[in-house]
Amino acid sequence: MDKLKLLTIICLLFLLKTTNSYSLIEVDITRGNLNPLPVAVSPLFQDNKSKNEFQRELNLDDLGSEISKVVENNLKQSGLFNPLSKDAFLQKPDIAHLKPRFEDWALIKAQALITGKVSIDNGKLKVEFRLWDVLAGREMLALAFTTVPNNWRRVGHIITDKVYERLTGEKGYFDTRIIYVSEEGLKTQRVKKLAIMDQDGFNTKYLTLGNELVLTPRFNPTNQMVTYLSYFRNLPRVYLLDIETGIQEVVGDFPGMTFAPRFSPDGKKIIMSFAKDGKSDIYVMDLENRIVEQITNHPSIDTSPSYSPDGKYITFNSDRSGYQQIYVMKSDGSNVKRISFGNGLYGTPVWSPRGDLIAFTKLHKGKFFIGVMRTDGKGERLLTENFYQEAPSWSPNGRVLIFYRETKTNEKGEGFSAKLWSIDLTGYNERLVETQTDASDPSWSSLLSN
Amino acid sequence: MSLSKILKNTFLVVIFGLVVTACTTTIKKTAVGKYSKIESESEVQMQGDVYIGTDTVGELSKGVPDRVFFATNESILTTISRDTLRKQATWLRENSNVNVVVEGHADERGTREYNLALGERRANAAKDYLMTYGVSADRISVISYGKERPVDSGSNPLSWSKNRRSVTVKAN
C-alpha cells in the first residue's frame with residue numbers, strides 16, 4: 001500500500017519563473033468542444049546518467065517519453081485537446097525545452113507546446129516542465145517538482161492538471177483515482193470486489209477478495225477512506241475501509257440493513273439509509289463519537305442521500321409521492337422539498353462539487369438517462385440515453401460525470417456486461433473508461449495533490 | 001375466342017383460385033395456431049406484469065411453493081401470493097422448529113440503492129403476512145438482495161417478472 005500512501009509523495013512544486021502575461025490561447029470548457037486545441041507534447045528529455053538509473057529502478061528505457069505519453073493520453077481523453085503525432089516534431093526534446101523554435105512548432109499547427117526534463121537526484125525523480133504559447137512565442141507556465149521514481153505516472157497526471165488549469169482557468173481532474181466494483185461471472189451469480197485505479201485506468205488494485213457481495217463504494221474528501229455496503233456474513237451493512245491500512249470496520253451496525261452510504265463534505269460523518277420493517281429512512285453517523293441521528297422519518301423509501309458541498313443541504317431519493325423522485329432538505333431534515341417534476345422516475349441524486357447542479361438517473365419509457373438539474377429542480381438537461389445506466393459520480397472539478405452502463409442480454413440471457421463510462425457536463429465526449437474486468441458503481445476521488 | 005378456350009381459361013382460373021384459397025387457408029391456420037400458442041403461454045405465465053408461472057419456483061416443503069412474485073415497483077401481495085404464503089404459514093406452524101429467511105429481490109430495471117430498499121419492503125410484506133397467519137416474528141428474518149441475485153438473466157418483461165420476488169428459505 002506504499003504507493004497509496006499519499007503523504008509519502010513529496011511533491012514540492014516550486015515556481016521557476018512563471019510568466020503570467022496574457023496569452024492568445026485559451027480553452028473554453030463550458031461548451032462542447034468540436035475543435036480541440038492542437039498541442040505538441042515533446043518527450044521529456046533525460047540525460048544518460050538518469051537514463052541508466054531509471055532503467056535499473058523502473059525498468060523503463062525512456063521515462064521522459066513514457067511520462068509525455070501519460071500527458072498526451074490525458075489531454076486526448078479530455079476531449080478539449082488534440083495531441084499531435086510525435087513523428088512530425090522537428091526539434092529535439094532537450095533543445096526545445098531550453099528555447100523552442102516556435103516557427104517549427106507552428107509549421108505542424110501546434111498552438112501549445114509542452115516540454116520538459118526528467119533527472120534523478122539523490123534517488124528522487126526530479127521533473128521540470130514548461131508550457132509554451134506557440135503563436136505568441138512565449139512561455140505560459142514553468143514548474144518543477146520531485147517525487148519518488150515509482151510515482152512517475154502521477155507526474156504525468158500532475159503536469160496535465162497544471163496545463164489544463166493554465167489553459168481553461170479551472171482545476172484539472174487527472175491526478176485522481178476511481179474506486180469501483182469489479183464484476184465477474186454469470187449475471188445470476190456475480191462475484192463483486194472493490195477495486196481502485198488511476199483515473200486513466202492504470203494501477204488497478206483489488207481491495208476485497210470477492211468472498212462477499214460489496215456495493216456502492218464512495219471516497220471521503222481526503223481519499224484515504226472508503227465507505228461501502230458489504231454483505232459480510234449475510235448481513236448487509238455499511239462499512240468503512242482505510243485504504244492505507246486495509247482495515248475494515250462496520251459502521252452501520254443497526255438492527256437491519258444499512259446502505260447507500262456517503263461521506264459528509266468534511267469527512268466527519270457518514271450519511272446512509274437504514275431499512276427496517278419495509279421502510280427506509282436516512283440517518284447520519286458522527287464518525288468520532290459514533291452518535292447516530294435520524295434525519296427522515298416517513299413510511300416511504302428514503303435513500304441515496306448526498307450532501308451539498310457546504311454541508312448545509314441534503315438531496316435524496318424518495319417514493320413518498322408514490323414513485324421515485326428527487327428531494328432536497330436542510331441537513332437537519334427540515335424543509336423537505338421535491339425538486340424533480342419531469343416525466344418518469346428519478347434516482348441517485350448527487351450534488352456537484354461546485355454546488356450548482358444535481359446529477360441524477362432518470363427512467364422514462366423503458367430508457368435510462370443520466371442528467372443534471374439545478375438544485376431547485378429547474379433547468380433539467382439529459383446528457384445521455386441508454387438501455388440501462390445509473391449512478392453518476394462527479395469529477396472533482398464538476399466538469400465530467402462517470403457512471404456505469406449495463407447491456408441488454410439476448411434471448412438466451414447471454415451477453416451481459418457492465419462497464420464504466422464518462423461524459424462531459426456539456427453532453428459531449430462520451431467515452432468508455434477501460435477497466436480490467438466488468439465494472440459498476442464508480443466513485444471519483446478528489447485531487448490527490450493540489 | 002372460342003367457347004372452349006374461354007371455358008378452359010375459366011377452368012384454369014377457377015383451379016388457380018382454389019389453389020390460392022387453399023394455400024391462404026393453410027397459411028392462416030398455422031399463423032393463428034402459432035400466435036395463440038405464444039399468447040396463451042404468456043397468459044399462463046403473467047397476470048398484468050406479475051409472474052404466475054411455475055418456472056424457477058422451488059418448494060419450502062412438499063406442495064408449499066417457496067416464492068411469491070410482485071408487480072413492477074410494487075410490494076403488494078396478489079391473491080395467488082397470499083395463497084402461497086398461507087400454505088407457508090400452515091407448514092411453519094406445523095414445523096415450529098424451523099426458522100426462515102425471507103429474501104426480497106427486485107428486477108434489473110431500477111437504480112441499485114432504491115432496489116435494495118424495494119427488496120426489503122417486499123420481504124417484509126411477505127413476513128408480515130406470515131405473521132398474520134400465526135408465525136412468530138422471531139422465526140422470520142429478512143434480507144434484501146435488491147437486483148443483485150436475479151434467477152433469470154434475460155432482459156425482457158417475462159424474465160424481469162420472475163426476478164421480482166420474495167423467497168422463503170429455511171434458515172436452520
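Residues numbered from 1 in each chain as written. Chains lettered and ligands numbered in written order. Predicted model: local features only at pLDDT ≥ 70, side-chain atom pairs only at ≥ 80, totals over all residues.

1. Observations concerning the confidence of the model for chain B
Part 1 of the reasoning: Overall, the predicted model of chain B reaches an average pLDDT of 83, with 75% of residues at or above 70.
Part 2 of the reasoning: If you check the scores for this complex, the pTM reads 0.89 and the ipTM reads 0.92. (pLDDT = per-residue confidence, 0-100.)

2. Topic: the pairing of strand β24 (residues 357-364) of chain A
All names here are of chain A.
Part 1 of the reasoning: Most of β24 is tucked away: seven of the eight residues are buried.
Part 2 of the reasoning: When strand β23 (residues 345-351) meets β24, the two strands line up antiparallel, connected through five bridges. In the sheet register, Val350 faces β24, and the bridge partner there is Ala359.
Part 3 of the reasoning: In this structure, β24 lies alongside strand β25 (residues 367-374), joined through eight bridges in antiparallel fashion. Residue pairing in the sheet places Leu363 in a bridge with Phe368 of β25.
Part 4 of the reasoning: A loop of two residues connects β24 with β25, the two strands running antiparallel in sequence, and Lys365 in this loop sits at a positive phi of about 50 degrees. (Buried ≥ 20, exposed ≤ 12 C-beta atoms within 10 Å, placed from the backbone. Helix = DSSP H or I, 4+ residues; strand = E, 2+ residues; numbered from the N terminus. Pairing = 2+ DSSP bridges.)

3. Examining the sheet that holds strand β19 (residues 302-307) of chain A
All names here are of chain A.
Part 1 of the reasoning: Taken together, four strands build an open sheet; the order of strands is β19-β20-β21-β22 and the sheet is antiparallel. Strands with a single pairing partner mark the edges of an open sheet, and in this sheet they are β19 and β22 (337-338).
Part 2 of the reasoning: By the bridge criterion, six bridges tie strand β20 (residues 313-318) to strand β21 (residues 325-330) in an arrangement that is antiparallel. Directly across from Phe316, in β21, lies its bridge partner Tyr327.

4. Looking at the packing of helix α2 (residues 79-94) of chain B against helix α3 (residues 112-132) of chain B
Residues and elements named next belong to chain B.
Part 1 of the reasoning: Direction vectors running N to C along α2 and α3 enclose 55 degrees, while the axes themselves pass 9 Å from each other. Judged by the inter-axis angle, α2 sits oblique to α3. For the element pair α2 and α3, the recorded crossing hand is right-handed. Contacts from Arg82, Leu85, Gln88, Ala89 and Leu92 of α2 reach α3 at Ala126, Tyr129 and Leu130.
Part 2 of the reasoning: Considered class by class, the residues forming the contact of α2 with α3 number six nonpolar, one polar and one charged. (Axes fitted to C-alpha atoms, helices over the stretch in contact; angles between N-to-C directions. Parallel < 35°, antiparallel > 145°, perpendicular 65-115°, else oblique. Left-handed = near helix turned anticlockwise from the far one by under 90°. Contact = placed C-beta atoms within 7 Å. Nonpolar A, V, L, I, M, F, W, Y, C, P; charged D, E, K, R; others polar.)

5. Topic: the interface of chain B and chain A
By a widespread convention, an interface's size corresponds to the accessible area lost as its parts come together.
Part 1 of the reasoning: With 22 residues of chain B at the contact, the number on the chain A side is 31 residues.
Part 2 of the reasoning: The set of elements that each furnish at least two residues to the side of chain B that touches chain A consists of α3 and β7 (140-146) of chain B.
Part 3 of the reasoning: Considering each element in turn, the side of chain B that touches chain A owes the most residues, ten residues, to α3 of chain B.
Part 4 of the reasoning: Residues of the side of chain B that touches chain A, tallied by class, amount to eight nonpolar, seven polar and seven charged.

6. A closer look at the domain arrangement of chain B
Residue and element names in this part refer to chain B.
Part 1 of the reasoning: One can read the domain layout of chain B as domain 1 (3-47) and domain 2 (50-170).
Part 2 of the reasoning: Between domain 1 and domain 2, the residue contacts involve five residues of the former and six residues of the latter.
Part 3 of the reasoning: In terms of residues, the side of domain 1 that touches domain 2 owes the most to one element, helix α1 (residues 3-45), which gives three residues.
Part 4 of the reasoning: Across the side of domain 1 that touches domain 2, the residue classes tally to two nonpolar, three polar and no charged. (Domains from an automatic or database assignment.)

7. Considerations on the domain arrangement of chain A
All names here are of chain A.
Part 1 of the reasoning: We note that the domain assignment places domain 1 (2-27 + 36-168) and domain 2 (177-444) within chain A.
Part 2 of the reasoning: When each unit is reduced to the centre of its C-alpha atoms, the spacing between domain 1 and domain 2 is 35 Å.
Part 3 of the reasoning: On the side of domain 2, twelve residues touch domain 1, which itself brings eight residues to the contact.
Part 4 of the reasoning: Residue contributions to the side of domain 1 that touches domain 2 peak at three residues, all from helix α2 (residues 63-77).
Part 5 of the reasoning: Counted by class, the side of domain 1 that touches domain 2 contains two nonpolar, four polar and two charged residues.

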